[in-house]
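# Coordinates in review
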Amino acid sequence: MGIEKREQIKYKIFHEQDINQLMDVFFSTEKELGHEETEVIYTIQFKDGTIDSGSDRLTIDRNRSIQSIVFSLTNKSLHTSIALNLHIDKNSSTYAVGGTHQEWVKEKSTQLQKIIDATPNQNQYLAHPVWRTGLSILLVLLIFSFMYLLIENYLSSRAGYAWLIVAVVWAHFWTGRLLGNNLDILYPEVDFDTSIHRESKKRKQRAFLKLIVICFLIPLLVKFIVERMI
């Protein structure tokens, strides 16, 4: 009877050295088993739609952005397998180790998990759906506060209230687009920091987003709260 251990991978940023260390587990296991039917295969998909695959060691092309990487080791005679799937899409990154000996399965799972644990963490506050919802609410309040300050003197008229409703709708639409599109791209659950051009651009976009929040949105909310308290 086979034994399998499967784990999900979340909130990690894989660099070239991390991928190489994970790859080492597969090829060292192939050598360790020393069985002619043991097969290691990799498949790497890039953002431009191209795919590379093979059974030799993978060399990362730093001029292309990675969408997903799959490593697999199989030996049907020994009923042994290791599979690693890293993908930018949500809930798609996993690893699984299968075999007939519990200690072997545990050993290989521990090797993979140790490397994954040492991999840099993604920003969980901006990658996790719950925190994104909270951030969305905060941004709606910030934009609402800004619009309220602009039209505060006109709230006694119907036009003023109409503008206030427009402000709420616009704030909801704006934050929805920001969180639904930009944050999914900037802060996926699993990311690859291997491409020179793409990652340089992404870092600049993240820095710009932080600058807006720190220098504009937060001071605006504080000003609104203080003025309401006086």
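We now turn to the structure provided with this report.

Cut-offs and rules
Residues numbered from 1 in each chain as written. Predicted model: local features only at pLDDT ≥ 70, side-chain atom pairs only at ≥ 80, totals over all residues. Heavy atoms only, no water. Salt bridge = Lys/Arg side-chain N within 4 Å of Asp/Glu carboxyl O. Buried < 20%, exposed > 50% of the residue type's maximum accessible area, 1.4 Å probe, protein only. Helix = DSSP H or I, 4+ residues; strand = E, 2+ residues; numbered from the N terminus. Contact = heavy atoms within 4.5 Å. Expected span 1.5 Å × (residues − 1). Polar contact = N/O pair within 3.5 Å; in protein donor to acceptor, adjacent residues only side chain to side chain. Pairing = 2+ DSSP bridges. Axes fitted to C-alpha atoms, helices over the stretch in contact; angles between N-to-C directions. Parallel < 35°, antiparallel > 145°, perpendicular 65-115°, else oblique. Left-handed = near helix turned anticlockwise from the far one by under 90°. Nonpolar A, V, L, I, M, F, W, Y, C, P; charged D, E, K, R; others polar. Phe/Tyr/Trp six-rings, centres within 6.5 Å; stacked < 30°, edge-to-face > 60°. Lys NZ or Arg CZ within 6 Å of the ring centre and 35° of its normal.

### Concerning the pattern of salt bridges
Under the defined criterion, the tally for this structure stands at six salt bridges. Here R6 ties to E4 by a salt bridge, and the two come within 3.4 Å at their closest N and O atoms. In terms of burial, R6 and E4 fall into one category: exposed. With a shortest N-O distance of 2.9 Å, R64 and D52 are connected by a salt bridge. Placement of the pair is R64 in the loop between β4 (51–54) and β5 (66–75) and D52 in strand β4, with a sequence separation of twelve residues. Residue class for D52 comes out partly exposed when judged on its relative accessible area of 28%. Bridged by salt links that share partners, the residues D52, D61 and R64 form one connected network.

### Focus: the environment of L22
By secondary structure assignment, the location of L22 is in helix α1 (residues 16–33). As for L22 and I115, which are separated by 93 residues in sequence, their C-alpha atoms are 6.9 Å apart. Leave out the neighbours within four places in its chain, and L22 touches F14, L84, L86, L112, I115 and I116.

### Things to note about α1
Its 18 residues give α1 an end-to-end C-alpha distance of 26 Å, which sits within 8% of 26 Å, the value for a rise of 1.5 Å per residue. Burial in α1 covers these residues: D18, I19, L22, M23, V25, F26, F27 and T29. Among the structural elements, β2 (12–15), β3 (39–46), β5, β6 (80–87), α2 (102–118) and β8 (190–193) are those in contact with the buried residues of α1. G34 occupies a position one or two residues after α1 and carries a positive phi of about 55°.

### With respect to the side chain of T29
Here T29 lies in helix α1. Among the polar contacts listed, one links the side chain of T29 to the backbone oxygen of V25, at a separation of 2.6 Å. Among all residues touching T29, those that are not within four sequence positions of it are L73, I82, W104 and K108.

### Describing the sheet that holds strand β1 (residues 3–8)
As a general point, the strands of a sheet are linked pairwise by backbone hydrogen bonds and lie either parallel or antiparallel. Strand order in the open sheet made by the six strands is β1-β7-β6-β5-β3-β4, with antiparallel pairing throughout. Each edge of the sheet is formed by a strand with only one pairing partner; in this case those strands are β1 and β4. Each strand axis lies, on average, 5° off the axis of its neighbour in the sheet, ignoring direction. In the packing of α1 onto the sheet, contacts are made with β3, β5 and β6, and the angle to β5 comes to roughly 15°.

### Some thoughts on the packing of α1 against α2
Put simply, α1 and α2 touch, their axes get as near as 9 Å, and they point 160° apart. Relative to α2, α1 is oriented roughly antiparallel. Crossing hand, α1 versus α2: right-handed. On α2, the residues that touch D18, Q21, L22, V25, F26, T29, E32 and L33 of α1 are W104, K108, Q111, L112, I115 and I116. A class-by-class count of the residues in the contact of α1 with α2 yields eight nonpolar, three polar and three charged.

### Focus on the environment of H128
Structurally, the position occupied by H128 is in the loop between α3 (124–127) and α4 (129–151). By relative accessible area, H128 is classed as partly exposed at 26%.

### Digging into the packing of aromatic side chains
To describe a pair of aromatic rings, you give the distance between the ring centres and the angle between the ring planes. Across all of its chains, the model carries two aromatic pairs by this definition. Residues F14 and F192 carry aromatic rings whose centres are separated by 6.4 Å and whose planes lie at 35° to one another, so their mutual orientation is tilted. On the criterion of sequence distance, the pair formed by F14 in strand β2 and F192 in strand β8 is long-range, its members being 178 residues apart. For F14, a relative accessible area of 0% translates into the label buried. Consider the rings of F26 and F71, whose centres lie 5.5 Å apart with planes at 40°: the pair is tilted. Here F26 is found in helix α1, whereas its partner F71 is found in strand β5, with 45 residues between them in sequence. For the residue pair F26 and F71, the accessibility class agrees, reading buried in each case. Over the aromatic face of F46 sits the side chain of R64, whose NZ or CZ is 3.8 Å from the ring centroid.

Keep in mind these values describe shape, not function.
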